[in-house]
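The residues making up each chain are set out below.
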Amino acid sequence: MLITDLFQESFLALSSNKVRSSLTILGIVIGIASVIAMVSIGQGASGQIQSSIEGLGSNLLTVLPGVIQPGRGIVSSGRGAAQTLTDDDTEVLQQIAGVAYVSPELQRRFQIVAAGNNTNSTIIGVAPEYQQVRNVSVEQGSFIAENQLRGMGRVVVLGPTVAKDLFADSDPIGKTIRINKINFKVIGVLQAKGSAGFFNPDDTVFVPLTTMQKILAGTDFLSTIAISVETKELMPQVKEEVTVALAVKHRVDLQNMDFSIVSQADILGTLTQVTDTFTIFLVAIAGISLIVGGIGIMNMMLTTVTERTREIGLRKAIGAKKKDISMQFITEAVMLTFLGGAAGVALGWILAILVSNFAGIATSVSLSTILLAFGVSAAIGIIFGYYPARRAASLNPIEALRFE
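Novice: What is the right way to read the overall build of the protein from this model?
Specialist: Scanning the protein for helices and strands turns up 13 helices and twelve strands. A burial count over the protein gives 45% of its 404 residues as buried. Looking at the protein alone, contacts between residues at least 24 apart form 77% of all its contacts between residues at least 6 apart.

So this is what it looks like as structure tokens:
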């Protein structure tokens, strides 16, 4: 049988009972649409997490005081809150090859008051290098300068959220705010970056590190040291050299370190693994509807075989082979699933757009997902159409002609 004849006969057979064919296709449409929507949500979330993490800094290594222990956070040999990083560590790290910038940071939370408004926000003491390490840009005014760091200047740079909370729509540059009952002059406002999940740079206030240490916090220790590496390829090497250098500086061995180093790649890898697992879980649930749709196709094809028994017998009587009969019914099943797959892809794409627009969840429909959907459609047609096709091909022509 010619391919054109095969497709023409399949189309006529499916068109003869439009309602039944449409209801059978509907099961595949729902299944494929669910898979497309779930995968797009997973891929979109993964991409959003990656961009958020990378927005916190390029090729970033973060040195934390104490040891990270599951369920306990950062500890320091059982002595409570870890305080093991100092300004001297920063000077050691700047000497390592491959390090572009080093940003020492000390973080606390304080109440901020200005112009009759107040808010509770994160205050970070930073050096000028923070701007390069953390990829922040100033929208108004300027960032903290070296002379302000050396002179313990009482100046602040506001995140856009804090600026709006304190000053609404008025220009905050040059105005005064009070942090822990101490006056500070606003010299800049950062561009909005958006939340990175566990940290929101927009809801943050920056002061010179020396001011934070000597005036606000009253401690010489650091919360973190952020290191920007020149290239992504150098990150493993720089991480190893930083570990050795700090171990020597702190006079500890590598098995009992009083600090931890977290790589940007480690964070991305962990979060990507979580989103991938979540996506697989969602797709597995959506896949159940595909199985149900496949069972619907098998049920329809078995019914069709019964209804067309005399037709099958007549074809065999005039010379049709088993292969011709089998191909006829498999083609009908695959045609059903392909039609359902095309409609399902379109519906899934629309669902992904609706979720993105109304639920605020990032979605991403890739070409590989669409190709996978059509591949699954074809596989369902072949798998669930094989048994009815084989049953039709195995009918005895004489008994088939006698069938009422």
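There's more to say after this.
Novice: How do you make sense of the pairing of strand S4 (residues 99–114) when you look at a structure like this?
Specialist: Pairing geometry for S4 and strand S11 (residues 224–229), over six bridges, is antiparallel. When the bridges of S11 are listed, Ser-103 appears paired with Ala-226. Hairpin connection, S4 to strand S5 (residues 117–126): the antiparallel pair is bridged by two residues, and Ala-115 has positive phi, about 50 degrees. Looking at chain direction, S4 and strand S8 (residues 176–179) are connected through two bridges and run antiparallel.

Novice: Even after reading the chapter, I still don't get the nonpolar core, so can you show me in this structure?
Specialist: A general trend in soluble globular proteins is that nonpolar side chains are found buried together. Judged by nonpolar contacts, the single largest core of 43 residues is most densely connected at Ile-177 and Ile-179. Residues contacting Ile-179, with those up to four places away along its chain left out, are Phe-110, Gln-111, Ile-112, Ile-123, Val-156, Phe-184, Val-205, Val-207 and Leu-216. Of all hydrophobic cores here, the second largest spans 30 residues; its members include Ile-32, Ile-297, Val-345 and Ala-373.

Novice: Please explain the packing of aromatic side chains as it appears in this structure.
Specialist: Inspection of every chain in the model, using the stated rule, returns three aromatic pairs. Ring geometry for Tyr-130 versus Phe-143: centroids 6.3 Å apart, planes at 15 degrees, classification stacked. With Tyr-130 in helix H4 (residues 130–133) and Phe-143 in the loop between strand S6 (138–141) and helix H5 (146–150), the pair connects residues that are 13 residues apart, well separated along the chain. No difference in accessibility class separates Tyr-130 from Phe-143, as the two residues are buried. The interplanar angle of 55 degrees and the centroid separation of 6.1 Å between the aromatic rings of Phe-143 and Phe-206 together place this pair among those described as tilted. Taken together, the residues span a long stretch of sequence, with Phe-143 in the loop between S6 and H5 and Phe-206 in strand S10 (residues 204–208) at a distance of 63 residues. With respect to class, Phe-143 is no different from Phe-206; both count as buried. Aromatic ring contacts, followed pair by pair, group Tyr-130, Phe-143 and Phe-206 into a single cluster.

Novice: Which parts of the structure should I look at to understand a nonpolar patch on the surface?
Specialist: Taken together, the side chains of Leu-347, Ile-350, Leu-351, Leu-354 and Phe-358 present a nonpolar region at the surface, about 480 Å² in accessible area. Mapped onto the elements of the fold, Phe-358 is located in helix H11 (residues 322–359).

Novice: Please explain the packing of helix H10 (residues 309–317) against H11 as it appears in this structure.
Specialist: In a packed pair of helices, the relevant descriptors are the angle between the two axes and the axis-to-axis distance. Viewed as axis vectors pointing N to C, H10 and H11 meet at an angle of 145 degrees, and their least axial separation amounts to 10 Å. You can see that H10 and H11 cross each other, and the crossing is right-handed. Here H10 contributes Ile-312, Arg-315 and Lys-316 to the contact with H11, which in turn contributes Lys-322, Ile-325, Gln-328 and Phe-329.

Novice: Even after reading the chapter, I still don't get the pattern of salt bridges, so can you show me in this structure?
Specialist: Proximity of charged atoms lets side chains of opposite charge pair with each other. On inspection of all chains with the given rule, the structure shows two salt bridges. Put simply, Arg-134 and Glu-105 hold a salt bridge, and the shortest N to O gap is 3.1 Å. With Arg-134 in the loop between H4 and S6 and Glu-105 in strand S4, this residue pair connects regions lying 29 residues apart in the sequence. Residue Asp-220 is joined to Lys-214 by a salt bridge in which the shortest nitrogen-to-oxygen separation is 2.9 Å.

Novice: Just to check I follow, could you spell out the side chain of Thr-90 for this structure?
Specialist: The topology assignment puts Thr-90 in helix H3 (residues 87–93). With residues near it in sequence (within four places) discarded, Thr-90 still touches Val-102, Pro-104, Leu-222 and Ile-225.

Novice: Sorry if this is basic, but what is going on with unusual backbone geometry here?
Specialist: It is generally the case that most residues other than glycine have a negative phi and that most peptide bonds are trans. A positive phi is found at Ala-168, a non-glycine position, where the angle reads about 55 degrees. By the element assignment, Ala-168 lies in the loop between helix H6 (160–167) and S8. Assessed through its relative accessible area of 48%, Ala-168 is described here as partly exposed. Notably, Asn-180 is not glycine yet its phi reads approximately 55 degrees, a positive angle. On the secondary structure map, Asn-180 appears in the loop between S8 and strand S9 (182–190).

Novice: Just to check I follow, could you spell out the packing of H11 against helix H12 (residues 367–393) for this structure?
Specialist: With their axes 7 Å apart at the nearest point, H11 and H12 run at an angle of 150 degrees to one another. Looking at the two axes, H11 sits roughly antiparallel to H12. For H11 against H12, the interelement crossing comes out right-handed. When its residues are assigned to classes, the contact of H11 with H12 shows 19 nonpolar, six polar and one charged.

About the thresholds
Every chain is numbered independently, its residues counted from 1 as its sequence is written. Since the coordinates come from a predicted model, pLDDT governs what is reported: local features require at least 70, and pairs of side-chain atoms require 80 or more to be given and counted, while whole-chain, interface and lining totals use all residues. Computation of side-chain values: all heavy atoms of the structure, hydrogens and water removed. To qualify as a helix, a DSSP run of H or I must reach at least 4 residues; to qualify as a strand, a run of E must reach at least 2; elements of each kind are numbered from the N terminus. The rule is simple: take the accessible area with a 1.4 Å probe, protein chains only, and divide by the maximum for that residue type; under 20% is buried, over 50% is exposed, in between is partly exposed. When checking whether two residues touch, look at their non-hydrogen atoms; a contact exists if any pair is within 4.5 Å. Between any two strands, pairing holds if DSSP finds at least two bridges. Put simply, buried Ala, Val, Leu, Ile, Met, Phe, Trp, Tyr and Cys residues joined by side-chain atoms within 4.5 Å make one nonpolar core. The rule is short: rings of Phe, Tyr and Trp, with Trp giving its six-membered ring, pair when the centres are within 6.5 Å, and they are stacked under 30 degrees, edge-to-face over 60, tilted in between. Exposure above 30% relative accessible area and the absence of a salt bridge qualify a residue for a patch, where like charges join within 9 Å and nonpolar side chains (Val, Leu, Ile, Met, Phe, Trp, Tyr) within 5 Å. Throughout, the Shrake-Rupley method with a 1.4 Å probe supplies accessible areas, and for residues the shown protein chains are the sole cover considered. Whenever a carboxyl oxygen of Asp or Glu lies within 4 Å of a side-chain nitrogen of Lys or Arg, that contact is scored as a salt bridge. Axis lines are fitted through C-alpha atoms, for helices just across the contact stretch, and the angle between N-to-C directions can take any value from 0 to 180 degrees. Each crossing gets its handedness from the near helix: less than a right angle anticlockwise from the far helix is left-handed, clockwise is right-handed. Should an angle lie under 35 degrees it is considered roughly parallel, over 145 roughly antiparallel, and from 65 to 115 roughly perpendicular; all remaining angles are considered oblique. Throughout, the ten residues Ala, Val, Leu, Ile, Met, Phe, Trp, Tyr, Cys and Pro are labelled nonpolar, Asp, Glu, Lys and Arg are labelled charged, and all others, Gly among them, are labelled polar.

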